[in-house]
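# Tertiary structure, described
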Amino acid sequence: MSPSHLVWLTVALLIGVGAALWSYARLPVRVPRPWRYVLGTLRAAAVAALTFLLAEPLYTRLIQREAPPRLVLLADNSQSLFWGGSLTPTAYREGLQQLATQLKKAGFEVAMYGFDRGLKPADSLKGDGQASWLSQAIQEVLAQEENPTALLVVSDGQETGEKTAPVPVQVPIWTIAAGPVAPPQDAAIEEVLLPPWVSEGQPVQLEVRVRPSARPATLTLTWSSGREQVPLSPQQNKVAMRLPALPKGLHRLTFTLAASGDPNPYNNTREEALWVRPKRPLIYLWAGEITADVGFLRRVLERIGPVQLVAARKPTGYTQAPDSIAWKEPALHVLYNFPARAEDLPWARRIAQENLFFFVVAGATLEADSLFWPAAGWQKPGLLSAYPMPRGPVLYLRQEGLHPTAQPIDIGWGRPIAYRYFRGNRFVAGLLGEGWWALRTFPDLNRQWDSLVTELIGQGLAFQEARLTFFPERNRVLVGDIVHWQGWLPPGTTLRIAGQTLPLQALSEGLYEAFWQADSVGTFLYSLSQGEKTLFTGVLTVEAPSREFLRLGRDTLYLRYLAALTSGQAASWEELPTLPERLRAAFPAQRLVSSHREVIPFHEWSVWLVVLLSLFSLEWLLRRVCGVVLSGCQPEPPLPTIAFSVWRAEAALRAGLPEA
């Protein structure tokens, strides 16, 4: 019980005693002293209990029990673990069961789980998982298990799928690298860097990053009106390509990599969509200062349109005078750590007032301006907090301060990193922090970030053209996923995708949502129209879940990183027989005392109502027995008192004396 509850208990007792003294110190009738003590005690207890319950007290007790050290065994169930036949599901289950038996003999308590797209029972390990949410599974199992001594993770370390999460560091993680050895001839298309759209008449610059092979290979690009082949020399890891200007509209680009002796064909084909628009937007990048983050963001923006940098912190003023900007022309304004000084605030306010859409990055420097930041979707920007990513980089994000109607966006990293905000006839999008340049050495995370930024900017430019913010949560999904649209639409709008009209569900005035089941692979065009007028046309890419095989082999670097991050140890599947001895040396198998904190509420009103009614009822019954019905009324005298009064009056009359 907390000190505040003890103080309140003392106050409640004093109030109860005061109520008892006030009620029974002076009574209009004569009541024996023992009865007065009993009645006063009941009154004091009832009033004190009622007063004490107003604080809704809680009682917390610490329960301790002795138990052996508890180990949690988390086993990968993804298909890539068993590629090539070097490890079969039967041998995998037998090895895990034998390890659990030896650990129990060594004095440990063992709990087993499996995982692919989330946690699974240990007896469901069949090697049929189509994704490996490794970091997500670690977070889920540690949230489910209470105070484990260590976590044993058996995996190839290849994290595939849409969900990642920060790795908790409070429990030591022992990693066991299992699965095939990476095939040396496994050539693959790892990433395609191309702009989300280009202007009509503009050549297309793109870059394809491949996993190099020891043998010569050929990269083939096919589109609607042409085909191009590029030979790759051994150990070449990227190819720059230039396509001629394409006509306005949607174009599907298919990339195929052919290498002799390639054992894994799942990662040799990729399909992308390119949208050719009638005009390329002009982008103004307003920067408080030139940092690595600004350069990293500019790299993405230049794929969308020409970027003009307006830097505020220069000895000679702005790099481009804001007065020279053509404010009447449609343009995109990106504010990174801006405004940075008081003299920059008027320009920020003008951007917020005169533009239908702008992009803001809530970095380190935030001026508390009551006119600009509410327009950007912030009530009061909070402080930056460090957020470690699953594979090493650290981002600094703002967790508080967004307007309640702003929509945070999480792209599977375990925490929102961007947002969208619609107010009136204006639309704002932005990022929640800084440190993005740390993603530059992580191609998988880098690509997700690039896609997010280009998607948000594309939505903003579409809003400038069509005055709508009705977009899907993701533009790239897997087969079987449900795509969710939500946003504002003008009345009479129709949504069509793949020749199918989707019903629009009204949430409030002007706010709608829609759902679509992605049941086939390909690139799908969706359109929003109002009568004969097309408001917006977008692209959805539906991928097969075969990206489980995009990377094969043991990622021992990532597994060693997990172990080092949490003060654990790294081992391999071949070292499985020696693991119980290593664990017994690290965690002596003695009976440990585990603590469990139990909170018992004292304010269960159904129970206390019975107690209070019993106290008050017992007091009322005793008052009736004693003749004290109500404190302010004359009680009815008992029969002996009446008989005595009659005898006294009769004696006075006989003596001729007046009655006393």
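Here is a short report on the structure shown in this document. (Residues numbered from 1 in each chain as written. Predicted model: local features only at pLDDT ≥ 70, side-chain atom pairs only at ≥ 80, totals over all residues. Heavy atoms only, no water.)

Take the side chain of N355 next. Turning to its location among the elements, N355 is positioned in the loop between α6 (345–354) and β18 (357–361). For N355, a relative accessible area of 9% gives the class buried. At 3.1 Å, the side chain of N355 forms a polar contact with the backbone oxygen of I351. Sequence-distant contacts of N355, defined by excluding residues within four places in its chain, comprise W327, A331, H333, R350 and R426. (Helix = DSSP H or I, 4+ residues; strand = E, 2+ residues; numbered from the N terminus. Buried < 20%, exposed > 50% of the residue type's maximum accessible area, 1.4 Å probe, protein only. Polar contact = N/O pair within 3.5 Å; in protein donor to acceptor, adjacent residues only side chain to side chain. Contact = heavy atoms within 4.5 Å.)

It is worth spelling out the pattern of salt bridges at this point. Any two side chains of opposite charge can pair if their charged atoms end up close together. A complete count under the given rule lists 14 salt bridges for this structure. In this structure, E109 and R70 form a salt bridge, with 2.6 Å as the shortest nitrogen-oxygen distance. Linking E109 in strand β3 (residues 109–116) with R70 in strand β2 (residues 70–76), this pair joins segments that are 39 residues apart in sequence. The class of R70 is partly exposed, set by a relative accessible area of 21%. Ionic pairing is found between E575 and R582, a salt bridge with its closest N-O pair at 3.8 Å. Judged by its relative accessible area of 24%, R582 is partly exposed. Three or more residues joined by partner-sharing salt bridges are found here, namely R70, E109 and E145. (Salt bridge = Lys/Arg side-chain N within 4 Å of Asp/Glu carboxyl O.)

Bringing the sheet that holds strand β22 (residues 418–423) into the picture now. Reading across from one edge, β16-β15-β17-β18-β23-β22-β21 is the order of the seven strands in this open sheet, with mixed pairing throughout. The open sheet has two edge strands, β16 (307–311) and β21 (407–409), and neither has a second partner. Direction aside, neighbouring strands of the sheet carry axes that sit 20 degrees apart on average. Contacting β15 (283–287), β16, β17 (332–336) and β18, helix α5 (residues 292–301) crosses the sheet at an angle of about 170 degrees to β15. (Pairing = 2+ DSSP bridges. Axes fitted to C-alpha atoms, helices over the stretch in contact; angles between N-to-C directions.)

Let us look at unusual backbone geometry. Residues other than glycine seldom take positive phi values, yet N337 does so here, at roughly 55 degrees. Even without a glycine there, the phi angle at A498 is positive, about 50 degrees. Along the chain, A498 turns up in the loop between β28 (493–497) and β29 (500–502).

Bringing the packing of aromatic side chains into the picture now. Within the structure shown, the criterion is met by 15 aromatic pairs. Taken together, a centroid distance of 5.4 Å and an interplanar angle of 20 degrees make the contact between F357 and F427 stacked. Here F427 lies in strand β23 (residues 426–431) and F357 lies in strand β18, a separation of 70 residues in the sequence. Summarising the burial analysis for this pair, F357 and F427 share the class buried. Residues W485 and Y526 carry aromatic rings whose centres are separated by 5.5 Å and whose planes lie at 70 degrees to one another, so their mutual orientation is edge-to-face. Here W485 is found in strand β27 (residues 482–488), whereas its partner Y526 is found in strand β32 (residues 522–530), with 41 residues between them in sequence. For the pair W485 and Y526, a shared accessibility class is recorded, and that class is buried. The rings of F82, Y92 and W573 are connected pair by pair, giving a single aromatic cluster. The ring of F296 has R299 lying over it, and the distance from NZ or CZ to the ring centre is 4.7 Å. (Phe/Tyr/Trp six-rings, centres within 6.5 Å; stacked < 30°, edge-to-face > 60°. Lys NZ or Arg CZ within 6 Å of the ring centre and 35° of its normal.)

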